[in-house]
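Observations on the three-dimensional arrangement
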Amino acid sequence: MRDTRRNPWLLALFVVLALIAGACGSDDDDDPTAGEDTEEETDSKDIEERGAGGSLVYAADQEPTGFNGNTSKDNGTSVKNVIENLFFYAVKATPEFGLDYVGLEGEPEIVSEDPQVIEWKIKKSAAWDDGKPVTTDDVEYFYEQIELKDPAKVSEDNPKGYVNDVANHVGYEQITKFEAVDDKTFRVTFDPVFADFRGLWTDIPQAAFMKAQAGGWDTGLDANPGPSAGPYKFKEWKKGESLTLEKNTKWWGEDKPTLDTIVFRFLPESTTQPDALRNNEVDMIYPQPQLDLVDQVEQLTDVKSEIGFGPVFEHLTFNLKNEFLKDLAVRKAIAHGVDRDAIVNALMKPFSDKAARLDNRVLVSNQEGYEANGKEYQKVDPAKAEEALKAGGYTKGADGFYAKGGKKISLRISTTAGNQLREQQGELIKAQLAKVGIELRIDNSPSTVLFRDRLPAGDFDIANFAWVGSVFPVGGAKQIYETGSDSNYGAYSNAEFDKVAKEGASELDDKKQLELADEMDKEMWKDLPNLPLYQKPTFLGIRNQFVNVGDNTTNEGPFWNSQVWGVSKAAAA
Amino acid sequence: MTGFVLRRLFLSIPVIVLSSFLVFALVAASSDPLEALRANPLASRATIAEREAELGLNKPVVERYLDWAGDVVRLDLGRSYADNEPVWDKLERGFGVTFRMVALSTLLALMLAVGLGVFSAVRQYSVGDYAGTFFAFVFFSMPVFWLAGILKDLGIRFNQALGKTVFYTIGERTPNLEGTWWDVTANRLGHLALPTITLMLVTMAAWSRYQRAAMLDVLSSDYVRTARAKGLTEFRVISKHAFRNALIPLTTVVAIDFAGIVGGAVITESVFAWQGMGRVTLGAINRGDIPVVVAALVIIAMVVVVFNLIADILYAVLDPRIRNA
C-alpha cells in the first residue's frame, strides 16, 4: 500500500517540475526566424490571386450590440465591422482617403447648386440576396426613419420631436425634399447646403425586412440584420461566443468573395489574442496596439503584421475661459515649449519608425491635401516660449515659474485616468513645460467623468484626449471648433474661422473644399485653441495564408474590401 | 428545521436590498453607458439628451433604483442598456458558461484535495507530506493568470509538437464545427482542459490544507485513540472513525467557496475567454450597464446566501451534536 501511494506522488512531482521547466524555458527556444516578416506591407490595390474556399476567424474586440449602425445603441466599430459586409453602401472610403462609389452607377450628380439638388443612381445590378433589387425605396425608408418626427414627442430633451434612436442627423436634417425618380434614381434637395453629400447613404438595411420587424428601426435589427446586399450574408450569432457570416453567392459586385465564412470570435481581452493566433484559433486580429502585444505577434512566423496610422489623433485642448489660457501669449509659450517630437519618440516610435508629429488638426497626414502647418511650432523652442511669456507681461519668479500680477501660471492637465500612455504623456508635458516656466498639475479623471461631466462643463484647463479625422474633414472640424458648437469644449470662437468653416461646409467642389479645410487649420494655428500631437497607431495581424487583407486607416477599418479577401493559391492547394 | 431555513432566508432580504442599492448607486456614479456616443463629435447634445431620457439616466439615482426595484418585484429584470437584450437571457447564459467551466474542476479539486489532505495528515512529516505542502503553497500563492498563461503556453507547445490542435486557449468550442459526436466532444474537452486544470490546481491547493488540518485534528482526538485501543485495524480507524469526521469542516468550506466560484471565476474566464458570469458582470460594470450589473449582483448574492444555508444544513446533517443542540 505504501508503494502504490508513493508512485503517483513521484509522477505528480515529475509533471509539476516539467511544467515549471517548460515555463522557464519558454523564451530561449523561440523561432530563430522571428521578426523577419514584420514590416511587410499589405497592398490591397492589386488583387492577388486567390484559391477557392477557406474560413477566416477574426478576433473581435467587442461583441456587436445589434445591427442597425445608425442608432446610437449600435453606432460602434464592433457593429460596423460586421455590417460593412452586409448592408448597402453607396460609397466607401478608400485607404487613401478617396471615395469609391461601390453601390452607385457613378459619382452623385449635382443637378442644381441653388437650391442644392443632388441625384444618385443606384447600381442596376445591386440586389439583396433574397432576390429583390436594391431600390430607392430602401434609401427613402432609411431617410424617413432617421428624420421621423412626432409633435407629441417634442420635449426639452428632444426639441425636434424625433421618434427614432438615431446617432447623428448630420446631412439628413438638411434634406428638404426626397424625390424618387425611378426604382434606381433619386433626387435630394438640401437646405442649407450640405457639402459632404458624397458620403451619404451608407449602412442601409433592407426596408422591407425592417418594416416587417416588430421592433422597427430601434430594435428590429437586434438579433438579425436581414437580407444582405454585400459580399457576405449573416449566418449565425452565438451570443457571447461568435458570429458567422457566409459567402453571398448572389453578390453583384465585380470581385466575387471566395471565402466560405468569416467568423467573428469575441475576444475582448486583447492579451488573449497573441496566443489564440499562435494556436491557430484565430487568423486575424486588430486590437488597440500595445507594445508587448505587438512584440508577441511579430514573433510569430506564420503571421504578417502591419502598423498603420489611423484617423484618431491625440491633442491638447486649451480651455479659453481659463484666466491664463485665454491669453494667446500663454498658449504660444505652451506650443513652443511642448516637445512633440520627444513625445512621439518616447511613446510612439517603439511601435513604428513611421510615427510622426501631426501638424494639422483638420486633415490627417495620410490624407490628400494635408499640409504641415504651424511651421514656427514644429521644433521645440524653449527660448521662444519664454520670449512669448515676457512679451505677454509675465515675469519669472524665484521658483522658476512665470507670473503676472502676483499670480503664478499654474494649470491643470487632465486626461483619462488608467490609460497608461496618456498618463505618461501628461508627465512628459509637465516636465517639458516646467523648463519654460509654466507649472502644470496632473488632474486626471476616469474617461466617464472626463467626457460626461468635465469636458462639456468646461471643468478643465488643458485636456488631452483624441479626435477622429475624416474623409469629410470640414464638417467634422466645423462641429468641433465653430463658435458655440456642442463639441467645442474649449469655447474657441473666431469669426474669421467661422466664416471659412461655413464656406467650406457649403463648397460643393471637393478639391476646393480640401483647400478650405487647410485654411481652417492655418487660421487655428494663429489662435492655438489646441495643439495636435500625433496620430494613433493601428495594428493588424493576419495569418500568411490569407491574401488581400489590409487595414484601411480611414474610419472604414479593415473590413472595407472583404469581397477580395481569400486564401492564397498555395494555401488552398 | 423549516423555521430555521425560513428565518435565514428572511434575514437575507434586507442585506440583498441594501447591497443592490449600493451597487446601483456606485455603478451609476462611476460609469457611463453613453461614453462612446459622447466621444463622437457628430452626435449632437440633443441626441445624447434624448438617449439619456430614453434610458432614464437623467433621473435621480433613488428614483431610478425604485423604478428598477418595482420591475424586479414584478419579476422583470429589464433589458441591457448596451444591446437591449433581456437581462435574464444574458445572466442565464453566463451562469451556464460558468457552471460548465467550474463544475468539473470543483469535483476534481474536491476529490484530489481530500485524498491529498488525508494522505498528508496520515503520513505527517513524510516526504510526501512535505512535497504536498510545498506544491499546495506554490499553487495557492501563484496568481491565476500566470498559472493559466503557463498552461496555455505548454498546451500550444504540445499542439505544435503534435502538429494537431488538442488543447484550445479560448472559448468553449470551435465555431461552426461539423463532425461526428466524437469530434464535437473531443473539441469541447480540448477547450475545457486548460481552464479546468487551472481552476483545479488553485482550488485544490487551498482545500487540501483544510482537509489536512481537519484530519490531523481528528487523528489526535480521544475517540480515535479509543478506536485504536479497541484493537481496530489502522485502515478501519482512519476510514470509518477519523475520515468521516474530518470531512465536516471541508464540506462547509466547499459549499461557501463554490458559491463564490459560481459568482464568477473572473480571471480564469477572462484568460480563457469564456463569457461566464464574472466576465458578463465585469463587462457590464465597465460599460455602466446597470440593469445587468445589479441583477447579476443580486443573483450572486442569493446564490451565496443559499449556499451558506446549505453549508449550515449539511453541517447539521453531518454532525449530530449540532442537529440536537
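Analysis parameters
Here the residue numbers are simple positions, counted from 1 along each chain's written sequence. Chains carry letters and ligands carry numbers; both start at the beginning, A for chains and 1 for ligands, and go up in the order they are written. Residues qualify for local features only when their pLDDT is at least 70, as the model is predicted, and side-chain atom pairs are given and counted only at 80 or more; totals for whole chains, interfaces and linings, by contrast, use all residues. For the purposes of this entry, the term helix denotes a DSSP run of H or I that reaches at least four residues, the term strand denotes a run of E that reaches at least two, and both are numbered from the N terminus. Taken over C-alpha atoms, the radius of gyration is set against a globule rule of 2.2 Å times the number of residues to the power 0.38. Three exposure classes are used, based on other C-beta atoms lying within 10 Å of a residue's own C-beta, which is placed from the backbone: buried for 20 or more, exposed for 12 or fewer, and partly exposed in between. Throughout, a pair of residues is in contact if the C-beta atoms placed from their backbones lie within 7 Å. Here, a nonpolar core denotes buried Ala, Val, Leu, Ile, Met, Phe, Trp, Tyr and Cys residues that are linked to one another through C-beta atoms within 7 Å. Amino acids are sorted into nonpolar (Ala, Val, Leu, Ile, Met, Phe, Trp, Tyr, Cys and Pro), charged (Asp, Glu, Lys and Arg) and polar (every other residue, Gly among them). Only when DSSP finds a minimum of two bridges between them are two strands counted as paired. All axes here are fitted lines through C-alpha atoms, helices being fitted over the stretch that makes contact, and every angle between N-to-C directions spans 0 to 180 degrees. Put simply, angles under 35 degrees are roughly parallel, angles over 145 are roughly antiparallel, angles from 65 to 115 are roughly perpendicular, and the rest are oblique. Crossings are sorted by hand: turned counterclockwise from the far helix by less than a right angle, the near helix makes the crossing left-handed, and turned clockwise it makes it right-handed. In this analysis, the expected span of each helix is defined as 1.5 Å times one less than the number of residues it contains. Two axes define the bend at a residue: one fitted to the seven residues ending there, one fitted to the seven starting there, and the bend is the angle between them.

The next point concerns the overall build of chain A. When you go through chain A residue by residue, the secondary structure sums to 16 helices and 22 strands. The C-alpha radius of gyration of chain A comes to 27 Å, within 12% of the 25 Å expected for a compact globule of 573 residues. Structurally, chain A occupies a C-alpha span of about 85 × 80 × 45 Å along its principal axes. Every one of the 573 residues in chain A was classed for burial, and the buried ones make up 49%. Taking contacts inside chain A between residues at least 6 apart in sequence as the whole, the part at least 24 apart equals 67%.

Our next topic: the overall build of chain B. In terms of helices and strands, chain B carries 14 helices and zero strands. For chain B, the sequential pattern of α-helices and β-strands runs α-α-α-α-α-α-α-α-α-α-α-α-α-α. Expressed as lengths along the three principal axes of its C-alpha atoms, the size of chain B is roughly 85 × 60 × 35 Å. Sequence separation of 24 or more characterises 71% of the internal contacts of chain B that already satisfy a separation of 6 or more.

Right, let's talk about the nonpolar core for a bit. Core analysis: the largest hydrophobic core is formed by 208 residues, its most contacted members being Y58, M284, I438 and M520 of chain A together with A296 of chain B. Per-element tally for this core: the top contributor is helix α5 (residues 87-122) of chain B, with 14 residues. Beyond its immediate stretch of four places on either side in the chain, M520 of chain A contacts V362, A477, F497, V500, A501 and G504 of chain A.

Contact with chain B, which involves 49 residues of that partner, is made by 55 residues of chain A. Broken down by class, the residue content of the side of chain B that touches chain A amounts to 22 nonpolar, 15 polar and twelve charged.

Next up on the list: the pairing of strand β5 (residues 109-113) of chain A. Residue and element names in this part refer to chain A. In this sheet, strand β6 (residues 116-121) lies alongside β5 in antiparallel orientation, the contact comprising four bridges. Note on β6: the bridge partner recorded for E109 is E119. In textbook terms, the turn of a hairpin is the stretch between consecutive antiparallel strands, and for β5 and β6 this stretch comprises two residues.

Turning our eyes to something else, we now look at the packing of helix α1 (residues 2-30) of chain B against helix α13 (residues 290-318) of chain B. Residue and element names in this part refer to chain B. Taken N-terminus to C-terminus, the directions of α1 and α13 make an angle of 155°; their axes are 9 Å apart at the nearest point. The angle between α1 and α13 falls in the class roughly antiparallel. Seen along the crossing, α1 lies across α13 with a hand that is right-handed. Contact with α1, carried on its side by V5, R8, S12, I16, S19, S20, V23, F24, V27 and A28, involves I290, V293, V294, L297, V298, A301, M302, V305 and L309 of α13 and no other residues of that element.

All names here are of chain A. One can find V364 in the loop between α9 (340-347) and α10 (382-391). The class for V364 is buried, based on 24 C-beta atoms found within 10 Å. A sequence separation of 107 residues divides V364 from V471, and the C-alpha atoms of the two residues are 9.5 Å apart. In this structure, V364 is in contact with P311, F313, L358, Y370, G469 and Q535, ignoring residues within four places of it in sequence.

Our next topic: the sheet that holds β6 of chain A. All names here are of chain A. Reading across the sheet, the four strands line up as β5-β6-β8-β7 and stay open at both edges, with antiparallel pairing between neighbours. The sheet is open, and its two edges are formed by β5 and β7 (175-180), each paired on a single side. Taken pair by pair, the neighbouring strands of this sheet meet at an average axis angle of 20°, ignoring direction. Contacts between helix α3 (residues 136-147) and the sheet are confined to β7 and β8 (185-190), with β7 contributing the most and set at about 160° to the helix.

Time to look at the sheet that holds strand β22 (residues 566-568) of chain A. Residue and element names in this part refer to chain A. The strand order β1-β22-β21 describes an open sheet built from three strands, whose pairing is antiparallel. Edge positions in the sheet fall to β1 (50-51) and β21 (546-547), since each of these pairs with one other strand and no more. Of the pairings in the sheet, the one linking β21 to β22 comprises two bridges and is antiparallel in character. Note that in β22 the partner of V547 across the bridge is G566.

Turning our eyes to something else, we now look at α5 of chain B. Between its first and last C-alpha atoms α5 of chain B spans 50 Å; for 36 residues at 1.5 Å apiece the expected length is 52 Å, and the two agree. The sharpest bend along α5 of chain B measures roughly 30° and falls at V102 of chain B.

All right, on to helix α9 (residues 222-229) of chain B then. Counting buried positions along α9 of chain B gives zero out of eight residues, so the element sits mostly on the surface. Looking one or two residues past α9 of chain B, G231 of chain B carries a phi angle of roughly 95°, positive in sign.

What follows covers the packing of helix α13 (residues 473-481) of chain A against helix α15 (residues 510-527) of chain A. Residue and element names in this part refer to chain A. Two elements in contact, α13 and α15, have axes separated by 9 Å at closest approach and are oriented at 30°. Here α13 lies roughly parallel to α15, going by the angle between them. Of the two possible hands of crossing, α13 and α15 adopt the one that is left-handed. Contacts between α13 and α15 pair P473, V474, A477 and Y481 from the former with Q513, L516, A517, M520 and M524 from the latter. Here the residues of the contact of α13 with α15 sort into eight nonpolar, one polar and no charged.

Distances and angles like these do not, on their own, reveal function.
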